[in-house]
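Structural characterization, general
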Amino acid sequence: MTGSTTDPEATDPEALRERALAALLAARERTTLLTSCVEDDELTAQHSPLMSPLVWDLAHIGNQEEQWLLRAVAGREAMRPEIDPLYDAFEHPRAERTSLPLLAPAEARGYAAEVRGRALDVLERTPFRGSRLTDAGFAFGMIAQHEQQHDETMLITHQLRSGRTALTAPDPPPGEPFTGPGEVLVPGGPFTMGTSTEPWALDNERPAHHRIVPPFFIDTTPVTNGAYRRFIEDGGYEHLRWWDPEGWAMVRRHNLSAPLFWRREGGQWLRRRFGTVEPVPDDEPVLHVSWYEADAYARWAGRRLPSEEEWEKAARYDPVTDRSMRYPWGDADPTPERANLGQRHLRPAPAGSYPAGESPLGVRQLIGDVWEWTSGDFLPYPGFAAFPYREYSDVFFGGDYKVLRGGAFSVDEVACRGTFRNWDHPVRRQIFAGFRTARDAGPTETPCPGPA
């Protein structure tokens, strides 16, 4: 059994420099879109206690870039050391950030732009060797990922805000209705989980290590709105038997009866999506459900959520070559034909889309469309070492966090790969999360059929 591989171009310094430049520019283009489509009063408003004001994210992006690329990599003096505490994500809860003396929108834009100009100069001059921070351009890749992660956070804020529609995007291209099997058998045995070779992989994805997974079945596609609606109509939110005790308490406390942003009106289910109210499409993966809701659905369906190692084996393992790939389709980077990523669309594609992104085992949409809850707690891999700072992963291990995998339409490809790990509290519903289910495999079982 061989280990995980990396893109052949990922070790060439000049190719990496071009990749870093493209990633930084793409992230800034998206940041500009998300912060220029609304008026300044919308940037400074607190649209939800769960989220920062958009202007905080904007200046925080610039501050992190300054701290890591200008100060840590280039050794330059701090431009504005007095603002560091304002944009320390651990210093002030999100709900309190509007009370801080934050940079005004114009000042925040100017600061971020000045940092970026200097950072691009550093990128041109920095040798991609000599330290862990600069090897393979890691620091630049880390900052591009950080900005894209905050772009996703700002997109969540746009979904939560009220008022006029500010963002638009074309729908995913229509495809043929999916008629394949409802589940796929993943063979038991060892595989390589995590990575030690992906140049920009973050610390919690490392190191590569062997896991042994018994055979199991996993859904071919994420669970759809239509399937989830049947759970609702069967009294899913009304019966304690399906729920984790903490989840049931959440349901009762908040009187929950459907995913976030859904409402029933005139005999049909509607949802609000970036300011537009529309019928809930049955064929799309369900979105805006908590871990508790995903877990309850799985129990109702007689199934369970996949473990994190099961999810990764389904997404990366190639039984023909007996190795773990970078993505379900192989080692090549994502393309629009393979996955719904990068905010190209503001919704998931119908379940069963993107046959070009199918895994060797026949599982679809493992990358893009919706984050997928797993049963796993967020814990370090054997041999984990925090790098370059404890606050990225280490301080979250062992807490009340569940792991999500696969990315969503809201995620850029630079922050999404077969080894990438996301985590959040099991109560979270505002994130772009859905799920797929799994079950143990008996010795003579065959997969269940596909959609009726």
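Look up a bit, the structure's there.
Model, not experiment: these values are computed from the prediction. (Residues numbered from 1 in each chain as written. Predicted model: local features only at pLDDT ≥ 70, side-chain atom pairs only at ≥ 80, totals over all residues. Heavy atoms only, no water.)

**A word on the packing of aromatic side chains**
Within the structure shown, the criterion is met by 29 aromatic pairs. Here the aromatic rings of Trp56 and Tyr87 are separated by 6.0 Å at their centres, their planes lie at 40 degrees, and the arrangement is tilted. Placement of the pair is Trp56 in helix α3 (residues 54–73) and Tyr87 in the loop between α3 and α4 (105–125), with a sequence separation of 31 residues. The pair formed by Trp56 and Tyr87 is uniform in burial state, with each residue classed as buried. Residues Phe384 and Phe397 carry aromatic rings whose centres are separated by 5.0 Å and whose planes lie at 90 degrees to one another, so their mutual orientation is edge-to-face. Linking Phe384 in the loop between β10 (371–377) and β11 (402–405) with Phe397 in the loop between β10 and β11, this pair joins segments that are 13 residues apart in sequence. On the basis of relative accessibility, which here comes to 18%, the residue Phe384 falls in the buried class. A connected cluster of aromatic rings, assembled from ring pairs, spans Trp68, Phe90, Phe378, Phe384, Tyr389, Tyr392, Phe396, Phe397, Tyr401 and Trp423. Sitting over the ring of Phe128, Arg17 keeps its end group 4.4 Å from the ring centre. (Phe/Tyr/Trp six-rings, centres within 6.5 Å; stacked < 30°, edge-to-face > 60°. Helix = DSSP H or I, 4+ residues; strand = E, 2+ residues; numbered from the N terminus. Buried < 20%, exposed > 50% of the residue type's maximum accessible area, 1.4 Å probe, protein only. Lys NZ or Arg CZ within 6 Å of the ring centre and 35° of its normal.)

**Some remarks on the pattern of salt bridges**
With the rule as written, the count across this model stands at 45 salt bridges. One salt bridge in this structure joins Glu312 and Arg316, with 2.7 Å as the shortest N-O distance. Note that Glu312 and Arg316 are positioned in helix α9 (residues 308–316) at a spacing of 4 residues, about one turn of the helix. (Salt bridge = Lys/Arg side-chain N within 4 Å of Asp/Glu carboxyl O.)

**Description of unusual backbone geometry**
Residue Pro207 follows Arg206 across a cis peptide bond; omega there is -10 degrees. Inspection of the secondary structure puts Pro207 in the loop between β2 (189–193) and β3 (209–213). Of note, the bond from Phe387 into Pro388 is cis; its omega dihedral lies within 30 degrees of zero at -5 degrees. In this structure, Pro388 sits in the loop between β10 and β11. A positive phi angle, near 80 degrees, is found at Phe261, a position not held by glycine. Structurally, Phe261 is set in the loop between α7 (245–254) and β5 (262–265). By relative accessible area, which is 13% here, Phe261 ends up buried. Phi angles above zero are rare outside glycine, and Asp322 is one such case at about 60 degrees. Mapped onto the elements of the fold, Asp322 is located in the loop between β8 (317–318) and β9 (323–324). Looking at Asp322, the relative accessible area reads 26%, which means it is partly exposed.

**Description of the packing of helix α1 (residues 13–36) against helix α5 (residues 138–160)**
When two helices pack together, their arrangement is given by the angle between the helix axes and the distance between those axes. Contact pair α1 / α5: the axes reach a minimum separation of 9 Å and the direction vectors enclose 20 degrees. Judged by the angle between their axes, α1 and α5 are roughly parallel. Our pair here, α1 against α5, has a crossing hand that is left-handed. Within the contact between the two elements, α1 uses Ala20, Ala23, Leu24, Ala26, Ala27, Arg28, Arg30, Thr31, Leu34 and Thr35 and α5 uses Phe140, Ile143, Ala144, Glu147, Gln148, Asp151, Glu152, Met154, Leu155 and His158. The class makeup of the residues in the contact of α1 with α5 is 11 nonpolar, 4 polar and 5 charged. (Axes fitted to C-alpha atoms, helices over the stretch in contact; angles between N-to-C directions. Parallel < 35°, antiparallel > 145°, perpendicular 65-115°, else oblique. Left-handed = near helix turned anticlockwise from the far one by under 90°. Contact = heavy atoms within 4.5 Å. Nonpolar A, V, L, I, M, F, W, Y, C, P; charged D, E, K, R; others polar.)

**Quick word on the side chain of Arg161**
Assignment of secondary structure puts Arg161 in the loop between α5 and β1 (183–186). Separated by 3.0 Å, the side chains of Arg161 and Glu42 make a polar contact. (Polar contact = N/O pair within 3.5 Å; in protein donor to acceptor, adjacent residues only side chain to side chain.)

**Considerations on the nonpolar core**
Among the nonpolar cores identified, the biggest contains 122 residues, and Phe140, Tyr228, Trp243, Trp373 and Phe435 are the most heavily contacted of them. Tyr228 has contacts with Val223, Tyr237, Pro259, Val286, Val289, Glu293, Tyr297 and Phe435, leaving out every residue within four places of it along the chain. (Core = buried A, V, L, I, M, F, W, Y, C linked by side-chain atoms within 4.5 Å.)

**Considering the sheet that holds β10**
Spatially, the 4 strands line up as an open sheet ordered β12-β11-β10-β13, and their pairing is mixed. In the strand order of this sheet, the two ends are held by β12 (422–424) and β13 (433–434), each with one partner. Bridge count for β10 against β13 is 2 bridges, and the pairing is parallel. Its bridge partner lying in β13, Trp371 is registered against Ala433. (Pairing = 2+ DSSP bridges.)

**With respect to the environment of Val363**
With respect to the secondary-structure elements, Val363 resides in the loop between β9 and β10. Using a relative accessible area of 0% as the deciding quantity, one classes Val363 as buried. When the C-alpha atoms of Val363 and Ile212 are compared, they prove to be 20 Å apart, with 151 residues separating the residues in sequence. The contact partners of Val363, leaving out residues within four places of it in the chain, are Val184, Ile218, Asp219, Thr220, Ala314, Gly357, Glu358 and Arg436.

**Details of the side chain of Arg30**
Within the element layout of this structure, Arg30 appears in helix α1. No salt bridge forms around the buried Arg30; measuring N to O, its nearest opposite-charge neighbour Asp151 is 4.6 Å away. Dropping the residues within four chain positions of it, Arg30 is found in contact with Gln148, Asp151, Glu152, Leu155, Gln343, Ser410, Val411 and Asp412. (Lys, Arg positive; Asp, Glu negative; His and termini not counted.)

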